[in-house]
Amino acid sequence: MNLLPYGLGNPDLAPVHDYKVHRAILPFLNKLTESASRRGFSLRIESAYRPFERQLSIWNRKAKGELPLLSAAGERMEVPEDEEELMYAILTWSALPGASRHHLGTDLDVVDASSCPEGYEVQLTPAECDGMFAPFHKFLDEAFSAGEESFGFDRVFVPGRGKIRP
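Bear in mind the structure is a predicted one, so any value in this text is a computation, not a measurement. (Residues numbered from 1 in each chain as written. Predicted model: local features only at pLDDT ≥ 70, side-chain atom pairs only at ≥ 80, totals over all residues. Heavy atoms only, no water.)

(A) Inspection of the overall build of the protein at higher detail. Across its full length, the protein holds 5 helices and 6 strands. Element order for the protein, N to C, with α for helix and β for strand: β-β-α-β-α-β-β-α-β-α-α. Looking at the protein as a whole, 34% of its 166 residues are labelled buried. Within the protein, counting contacts between residues at least 6 apart in sequence, those at least 24 apart form 57% of the total. (Helix = DSSP H or I, 4+ residues; strand = E, 2+ residues; numbered from the N terminus. Buried < 20%, exposed > 50% of the residue type's maximum accessible area, 1.4 Å probe, protein only. Contact = heavy atoms within 4.5 Å.)

(B) How the structure looks around helix 3 (residues 83–91). Listed as buried for helix 3 are L86, A89 and I90. All buried residues of helix 3 fall inside an arc of 95° around its axis, so they share one side. Helix 3 presents E84, E85 and Y88 as exposed residues on the side facing more than 90 degrees away from its buried surface. Residues of helix 3 that are buried in the fold lie against helix 2 (52–63), strand 4 (69–70) and strand 5 (76–77). Two or three places before E84, at the start of helix 3, stands the capping residue D82, its side-chain oxygen 3.1 Å from that residue's backbone nitrogen. (Arc of directions from axis to C-beta. Polar contact = N/O pair within 3.5 Å; in protein donor to acceptor, adjacent residues only side chain to side chain.)

(C) Region of the structure containing the pattern of salt bridges. If you walk through the whole model with that rule in mind, you get 4 salt bridges. Between E46 and R44 there is a salt bridge, with the nearest N and O atoms lying 2.7 Å from each other. On the basis of relative accessibility, which here comes to 31%, the residue R44 falls in the partly exposed class. Put simply, K138 and E142 hold a salt bridge, and the shortest N to O gap is 3.8 Å. Here K138 and its partner E142 are both found in helix 5 (residues 134–145), 4 residues apart, which amounts to about one turn of the helix. (Salt bridge = Lys/Arg side-chain N within 4 Å of Asp/Glu carboxyl O.)

(D) Representation of unusual backbone geometry. In this model, H17 sits at a positive phi of 55°, which is unusual for a non-glycine residue. Of the residues examined, H17 reaches a relative accessible area of 78% and is grouped as exposed.

(E) Geometry of the nonpolar core. Core analysis: the largest hydrophobic core is formed by 18 residues, its most contacted members being L108, F136 and F139. At the level of elements, helix 1 (26–38), strand 3 (43–47) and helix 5 are the ones that each hand at least two residues to this core. Top element by residues in this core is helix 5. It accounts for 4 residues. Those residues in contact with F139, other than ones at most four positions away along the chain, are L32, S35, A36, R39, F41 and F151. In terms of nonpolar packing, the next biggest core, distinct from the first, is built from 5 residues, W59, L86, A89 and I90 among them. (Core = buried A, V, L, I, M, F, W, Y, C linked by side-chain atoms within 4.5 Å.)

(F) Looking closely at the packing of aromatic side chains. Applying the stated criterion to the full structure yields 3 aromatic pairs. Between the aromatic rings of F136 and F139, the centroid separation amounts to 6.1 Å while the plane-to-plane angle is 35°, which identifies the pairing as tilted. With F136 and F139 both in helix 5 and 3 residues apart, this pair spans about one turn of that helix. Pair check on accessibility: F136 and F139 agree, each one buried. Feature note: the residues F41, F136 and F139 constitute an aromatic cluster, connected by ring pairs. (Phe/Tyr/Trp six-rings, centres within 6.5 Å; stacked < 30°, edge-to-face > 60°.)

(G) Fine view of the side chain of E128. Residue position: E128 is located in helix 4 (residues 126–130). One buried charged residue, E128, remains without a salt bridge, the closest side chain of opposite sign being R44 at 8.5 Å. Once residues within four sequence positions are removed from consideration, E128 is found in contact with Y120, E121, V122, Q123, F133 and A134. (Lys, Arg positive; Asp, Glu negative; His and termini not counted.)

(H) Seen up close, the packing of helix 1 against helix 5. Running from N to C, helix 1 and helix 5 point in directions that differ by 125°, and their axes come no closer than 11 Å. Here helix 5 runs oblique to helix 1, going by the angle between their axes. As helix 1 packs across helix 5, the resulting crossing turns out to be right-handed. Residues L32, S35 and A36 of helix 1 form the contact with helix 5, whose participating residues are F136, F139 and L140. Residue classes in the contact of helix 1 with helix 5 are distributed as 5 nonpolar, 1 polar and no charged. (Axes fitted to C-alpha atoms, helices over the stretch in contact; angles between N-to-C directions. Parallel < 35°, antiparallel > 145°, perpendicular 65-115°, else oblique. Left-handed = near helix turned anticlockwise from the far one by under 90°. Nonpolar A, V, L, I, M, F, W, Y, C, P; charged D, E, K, R; others polar.)

Here it is as structure tokens:
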């Protein structure tokens, strides 16, 4: 797969519902979707390809308090006045513009749509992961860690692995 960092080329994107993903991951995404479906889950993409400008907008809106800033526990917090504290607070949940895997079209945030109440806006917080999406996370944990088919993906949001959140 020819992946280039932001600014050095454009990823080969393909539409998937309301999102775009790198064309090379489509067979893997289809396998993951089918496997989830066989187990009673309805895989839904919550986030996929995101250009630099979109990531910059997210970052800036969090810095200005226009988007919620969440603590490591997923609870809403006040915008810190100290710039370094603010930066670390944003980095808890959002990548630095230009450093997001979403820029490549290969990073996906997925949930089980069948677990979402109608009209519910997913936040991808620990409370959701441990609550309504717990069975789906268990499926992913088992598939990815028990030596089963990983569907060509790597789960990066796992406890004890870096400082990124689930």
